[in-house]
Amino acid sequence: QVQLVESGGELVQTGGSLRLSCAASGRTFSSYAMGWFRQAPGKEREFVAAIIKSGGSTYYADSVKGRFTISRDNAKNTVYLQMNSLKPEDTAVYYCAAGPEPIADPNEYDYWGQGTQVTVSS
């Protein structure tokens, strides 16, 4: 069992930066690949980024590639999402998730956090 708690979301201006954190409980954090997803009002949840168990490989949606960076610290049971050059279309609730593989399909993830709101003003 893994419990995930996101933090770091807030209101930011276009072009600004934020770092989201996702703290995991339990001793098995390093056994899971981690993903970040987001959901805007009226839209489906979409993949943002994922990272393998060791942190050695990362994957990104085309919409955030070059602007966002996912990382993890297994000693701290935490995964991060550094978001730079933010745009109004990045506005959404951001969720972290834990699963067996770092893939884009949200249905393949076993555990989810409650989400943190990111709002980018124009």
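Because the structure is predicted, anything quoted here is derived from the model rather than measured.

## Here's the deal with unusual backbone geometry
Negative phi is the rule for most residues except glycine; trans is the rule for most peptide bonds. Notably, Asn77 is not glycine yet its phi reads approximately 55°, a positive angle. Relative to the elements of secondary structure, Asn77 occurs in the loop between strand S7 (68-73) and strand S8 (78-83). Of note in the backbone geometry, Ser85 takes a positive phi value of approximately 50° without being a glycine. With respect to the element layout, Ser85 can be found in the loop between S8 and strand S9 (92-99).

## Focus: the state of the cysteines
A complete count under the given rule lists 1 disulfide for this structure. What pairs with Cys22 in a disulfide is Cys96, and their sulfur atoms sit 1.9 Å apart. Taking the sign of the S-S torsion, 50° for the link of Cys22 and Cys96, the bridge is right-handed. Remark: Cys96 occurs in strand S9 and Cys22 occurs in strand S3 (residues 18-24); sequence separation between them is 74 residues. The class for Cys22 is buried, based on a relative accessible area of 0%. Classification of Cys96 as buried rests on a relative accessible area of 0%.

Rules behind the numbers
Residues numbered from 1 in each chain as written. Predicted model: local features only at pLDDT ≥ 70, side-chain atom pairs only at ≥ 80, totals over all residues. Heavy atoms only, no water. Helix = DSSP H or I, 4+ residues; strand = E, 2+ residues; numbered from the N terminus. Disulfide = S-S within 2.5 Å. Buried < 20%, exposed > 50% of the residue type's maximum accessible area, 1.4 Å probe, protein only.

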